[in-house]
Structures are given as C-alpha cells and as structure tokens.
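So you can see what is in the structure, the chains are spelled out below.
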Amino acid sequence: MVSLQHIAASKPEDVLSAVREDGACIATGVLSDELCDDLMSSFQPHLDETNWGVDELGYRNEFYGEQTKRLHGLFSKSPRMVDVLTHPLFLSLARTLFVDSGMANNIRLSNTELMVLSQDQGNQVFHTDAASWPRVQQQESDEILISANCALTDFTETNGATRVVPGSHLWEAGREPEEHEICLATMPRGSALIYTGNAIHSGGANQEAEARVGLYLGYIVSWLRPIENQLVTNDPADILALPEDARRILDVSPGGFTVYA
Ligand SMILES: O=C(O)CCC(=O)C(=O)O
Ligand SMILES: [Fe+2]
C-alpha cells in the first residue's frame, strides 16, 4: 500500500524532501480554522450563484466533471486570499525549488481555483498539472510548477480526497498507474496536499452528501506564462491594492508579463 507522508507546515525542509522523494506530501496545520471559516464564508455566496458542472463563466468542461463547481478570481472574492498566496511554506517551497536551483530568477502564481466536488462526482481522469505547458521541460526530472490543494473541508476516503500516485513525478511519459500505486490524500481541514507539476493525480469520487472543498494555488518559475491573468479574473483595483510582495508574485509589476506595467 502506498501512502503520503504527513509533515507539519512549520518544517518546510522536511516537506520539500518528501516532495522531492514522492512528488507529493501532506502538510498539516497550514491554514487556521479561523482562516478556513473566513475563506468559506467569502466564497459561499459565489458558489450559491454557480451551477453544478460549470465554472462561474458558465463553461462546461469534461475534465472538471458534472458535479463540480470551480471559482477563479479569488482575490476579489476574499481579502484573505493574500494570506494564502504569501504563506511562508508555499513561498519557501517554490523559492527553493525554482530560484535556489537556478531554474528561474523568481517565482509567480500560475492560478488559483476553488475546487468543490459534490455528491456523485466520480473520479477525475489521471493527469499532471505541468501538462498545461507541454514541451517546456528539458528533462523529465525538471519541475516548473509546485501546487498546493488546501483542504477547506476535511478530505476523506469517501468525499473526493485527491487521488495521488507517489513517485510518479519521476516516471517516463505515458506510464499509467496501477491500482496498488494509487493513494488518497485524506487530510483534516487546514492541511494542504503539496505536489509537483509532474506528479500524477486526479480529483477523487465524492459519495457523501456534503461537498468537498479544495483551494488550489499553483506556483511556477517566473519565465512561464501564468494560466490565470489576475487582472482579468479579478477587479484590477483589488489586485493593484495588494501589498508589493503579493503583486510581484502575481506579476503585476513594471516589466511583468501582464498588460498592466
Ligand atoms: O479536485 C481535486 O482534488 C484535484 C483536481 C485537479 O487535479 C484538477 O482539476 O487539475
Ligand atoms: Fe490537477
């Protein structure tokens, strides 16, 4: 039986070694109960306005599924998103992997997404998130993305905990996981599943009445184009009002990739 290591968020070096070894691990104690509550209460009205099976712009997507809601533009929806974006664990992991290794001069946010799975959402297809940028990696071992899927509800065996394939970040392209190579990222609310861009994973199946809520953030090397343009998905005034360190991570700075400079 494969499994993921659980490591306290206060030990970034240990989290990083587990991620290097297995491609993924669970960091515990990342977000406080108070922060989880606050984020959920800010997102709830937007979720209430969104139909199942679509994102808030109404796009249907087979990859997402039918019993899911996906929200973007999260900085305008919650003033506390900046606390998640600049979490010391996430910044430390991304900077060590991408800047200290010499791969990039800086780190950027690629996107954020609220991922809500409701009852009868089946397993998502296995994939890697770095597949968003095909042909960028020189070698299979290069990592250009590190992701956090923060549990805003508990992730359990039956409510859609993410399926993860430990060690798959080092696999040759095209290898399919077998049943005994797959585990579930079960974790209490306030934890985060940390995984690299090459780690094979998918949303799990929710058989419970209550929805499972994951808050995704993906950090990339600074020379890669982010998936989400925060100045488009949010009210630009909200982004421009963020502190300098947060705006840099969102690339809203003179000379950045985004239109505003
Ligand atoms: O919902 C999840 O736990 C993971 C979803 C996912 O991997 C994705 O949409 O890329
Ligand atoms: Fe994914």
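This structure is a prediction, so every number in the text was calculated from the model and none was measured.

**Q** How do you make sense of the layout of surface pockets when you look at a structure like this?
**A** If a probe the size of a water molecule is rolled over the atoms, the empty space left behind becomes visible. Roughly 650 Å³ of internal volume is contained in the largest pocket. Around the largest pocket sit 34 residues that line it, and Tyr64, Arg70, His72, Asn111 and Glu113 are the ones nearest its centre. Residue assignment for the lining of the largest pocket shows that the elements contributing at least two residues are strand E5 (107–117), strand E6 (145–151), strand E9 (192–196), strand E10 (201–202) and strand E11 (212–221). Of the residues forming the lining of the largest pocket, the biggest block, five residues, is contributed by E5. Taken together, the residues of the lining of the largest pocket sort by class into eleven nonpolar, 15 polar and eight charged.

**Q** Which parts of the structure should I look at to understand helix H5 (residues 88–100)?
**A** Because each turn of an α-helix spans 3.6 residues, side chains separated by three or four positions end up pointing in the same direction. For H5, spanning 13 residues, the distance from its first C-alpha to its last is only 16 Å, which falls clearly below the expected 18 Å at 1.5 Å a residue. A positive phi of about 85 degrees marks Gly102, the residue just after H5.

**Q** Hey, could you run me through the coordination of the iron ion (ligand 2) in this one?
**A** Octahedral metal centres with six donors ideally show angles of 90 or 180 degrees, and tetrahedral centres with four donors ideally show 109.5 degrees. Donor atoms from the polypeptide that bind the iron ion (ligand 2) are His127 (NE2), Asp129 (OD) and His201 (NE2), placed at 2.1 to 2.2 Å. Each donor residue of the iron ion (ligand 2) belongs to the same chain, with the gaps between them written as H-x1-D-x71-H. Placement of His127 in the loop between E5 and E6 and of His201 in strand E10 is noted, with a sequence separation of 74 residues between them. You'll find His127 and His201 in the same group, each marked buried.

**Q** Just checking my understanding: could you explain the side chain of Ser118 for this structure?
**A** When you line up the elements, Ser118 lands in the loop between E5 and E6. For Ser118, a relative accessible area of 10% gives the class buried. Not counting residues within four places of it along the chain, the set of residues in contact with Ser118 comprises Trp52, Gln67, Asn206 and Ala211.

Rules of the game
Residues numbered from 1 in each chain as written. Chains lettered and ligands numbered in written order. Predicted model: local features only at pLDDT ≥ 70, side-chain atom pairs only at ≥ 80, totals over all residues. Heavy atoms only, no water. 1 Å grid on protein atoms, 1.4 Å probe; cavity = no way out; pocket = protein on both sides within 12 Å on 5 of 7 lines; lining within 4 Å. Points joined across faces, edges and corners; volume = space filled by probe spheres on them. Helix = DSSP H or I, 4+ residues; strand = E, 2+ residues; numbered from the N terminus. Nonpolar A, V, L, I, M, F, W, Y, C, P; charged D, E, K, R; others polar. Expected span 1.5 Å × (residues − 1). Donors = N, O, S within 2.8 Å, 3.2 Å for Na, K, Ca; no water. Buried < 20%, exposed > 50% of the residue type's maximum accessible area, 1.4 Å probe, protein only. Contact = heavy atoms within 4.5 Å.

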